[in-house]
Amino acid sequence: MRGASCALLLSSPLRVHAADAFTRAGGITPVVAADGFDHPVFLGTAPGDARLFVVEQPGRVRWIENGKPSVAVFAELTSEVRYGGERGLLGLAFHPAFEHNGFVFVNYTDKSGDTQIMRYTVKRDRSAIDPASAKRILRVKQPFANHNGGHLAFGPDGMLYVGMGDGGAGGDPMGNGQNRHALLGKMLRIDVDHGEPYAIPAGNPFRNRARDGAPEIWSLGMRNPWRWSFDFEGRRLIIADVGQNKYEEVNVVDASKGGLNYGWSVREGLHAFGWPRPRPANLVEPVVEYDHTEGCSVTGGYAYRGRAMPRLAGAIFFSDFCSGWLRSFRYENGRVTDRTEWNVGTLGNVSSFGEDANRELYAVTHSGRIWKLTGAAAAR
């Protein structure tokens, strides 16, 4: 899919060079949780629902049933979705009050190639969404077929966050990453519980100064934040931003800190990109990067908060779509520690991570197989 305190957040992170290589270790055994999904790109749960839902890129949402895709379909959106390459049904989020309001949010590429954020309501029996309940929340025009981003999630503050890629092609030809008036190349933050179809939350950097930027923007300088997550316990936002020619990156920031600039397309990872330009204001650099001798498209990252592997509590996991390895690290007090590459072989084309209701961690592969991460994970 090619596409801490404030002072600590803006300080230079510990770079991952050869001398800082990931140490190989055993202790994790991936177990096949399911197989046979059609190009899955995300996995998650709904509040109060025992099912483990899987997003299929062609336009369906099913759940895992006895190790296979459910026969029944929770969301059938193939008639609305333009599928192919990096386009398709790309994201799913359940409202925090889903048990009471039944709201389901999806992110997909429509038939015109543009990004649609839609809300649906589940049927009374909770078996599936009601197609008649469709409500458009946001539409963002896409100039090219790649770098759609695609993920969306509710944060600890109850706001809906949407990760938007820079619009595609290569090298950000339209300058969207640093354009404060463009929604592309940004993390957006909107209030879907107020306003029509949404309100701008307090704290958004341009909420009261629209001349300076689009009010939906929470942070800028993204290339293609394909997969990211909130670590609710640590109140952190973890973003894996897919790189251009040389470097992949993982960012870890205070989830309450808006207005950050992740650097693209002035920077790729920890490095200058293109012609020399000043460092952006409020630049936050990745805490981990790796180059294209080790992979080509980062997928991650998720902090482990389950109970099966207590020694790994808080460890941040990520992978690479091309290489399929499994790595983790810790980020505490502004420092990266415990860089580990787990001896699990190649998982495949890892398109996403996800959690079940017990916060156990899963790796989703684009070929259709879903791994559950288990094992002793002995302390090193």
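Quick note: structure is the one above.
Residues numbered from 1 in each chain as written. Predicted model: local features only at pLDDT ≥ 70, side-chain atom pairs only at ≥ 80, totals over all residues. Heavy atoms only, no water.

Draft legend 1. Up close: the sheet that holds strand S25 (residues 335–342). The five strands are arranged S1-S25-S24-S23-S22 in an open sheet whose pairing can be described as mixed. Either end of the sheet is taken by a strand with one partner, and the two such strands are strand S1 (23–25) and strand S22 (298–303). Mean inter-strand twist for the sheet, computed between neighbouring axes without regard to direction, equals 30°. Relative to strand S23 (residues 316–320), S22 is paired through five bridges, and the arrangement is antiparallel. (Pairing = 2+ DSSP bridges. Helix = DSSP H or I, 4+ residues; strand = E, 2+ residues; numbered from the N terminus. Axes fitted to C-alpha atoms, helices over the stretch in contact; angles between N-to-C directions.)

Draft legend 2. Structural view of the sheet that holds strand S10 (residues 115–122). Read across the sheet, four strands follow the order S8-S9-S10-S11 without closing on themselves; strand pairing throughout is antiparallel. Looking along the sheet, the strands with just one partner apiece sit at the ends: strand S8 (89–94) and strand S11 (129–140). Pairwise comparison of adjacent strand axes, ignoring direction, gives a mean angle of 25° for this sheet. With seven bridges connecting them, S10 and S11 associate as antiparallel partners. Looking across to S11, one finds that Thr 115 is bridged to Val 140.

Draft legend 3. Structural context of the environment of Ile 316. The residue Ile 316 is located in strand S23 in this model. The sequence separation of Ile 316 and Trp 264 amounts to 52 residues, and the corresponding C-alpha distance is 23 Å.

Draft legend 4. Inspection of the nonpolar core at higher detail. By size, the foremost hydrophobic cluster in this structure holds 59 residues, and its most contacted members are Phe 74, Phe 317 and Phe 329. The element that contributes the greatest number of residues to this core is S8, accounting for four residues. Ile 117, Met 164, Val 192 and Tyr 198 belong to the second-largest nonpolar core, a separate cluster that totals 21 residues. (Core = buried A, V, L, I, M, F, W, Y, C linked by side-chain atoms within 4.5 Å. Buried < 20%, exposed > 50% of the residue type's maximum accessible area, 1.4 Å probe, protein only.)

Draft legend 5. Examining the pairing of strand S28 (residues 370–374) more closely. For strand S2 (residues 29–34) and S28, the ladder comprises five bridges, and the chain directions are antiparallel. By the bridge assignment for S28, Pro 30 is matched with Leu 373. With three bridges connecting them, strand S27 (residues 361–365) and S28 associate as antiparallel partners. Opposite Tyr 362, over in S28, you have Lys 372 as the bridge partner. Here S27 folds back onto S28, and the loop between the two strands holds four residues, one of which, Gly 368, carries a positive phi near 120°.

Draft legend 6. Broad picture of unusual backbone geometry. A cis amide bond links Glu 196 with the next residue in sequence, Pro 197, at an omega value of 5°. One can find Pro 197 in the loop between strand S14 (186–190) and strand S15 (217–220). Of note, Arg 126 is a non-glycine position whose phi angle comes to about 65°, a positive value. Structurally, Arg 126 is set in the loop between S10 and S11. One non-glycine residue with positive phi stands out, namely Arg 359, at about 70°. Residue position: Arg 359 is located in the loop between strand S26 (350–355) and S27.

Draft legend 7. Focus on the state of the cysteines. Enumeration over the complete set of coordinates arrives at one disulfide. What pairs with Cys 296 in a disulfide is Cys 322, and their sulfur atoms sit 1.7 Å apart. Residue Cys 296 is located in the loop between strand S21 (288–291) and S22, and its partner Cys 322 is located in the loop between S23 and strand S24 (326–332); the two are separated by 26 residues in the primary sequence. A relative accessible area of 15% places Cys 296 in the buried class. Taking the relative accessible area as the measure of exposure, Cys 322 reaches 43% and is therefore partly exposed. (Disulfide = S-S within 2.5 Å.)

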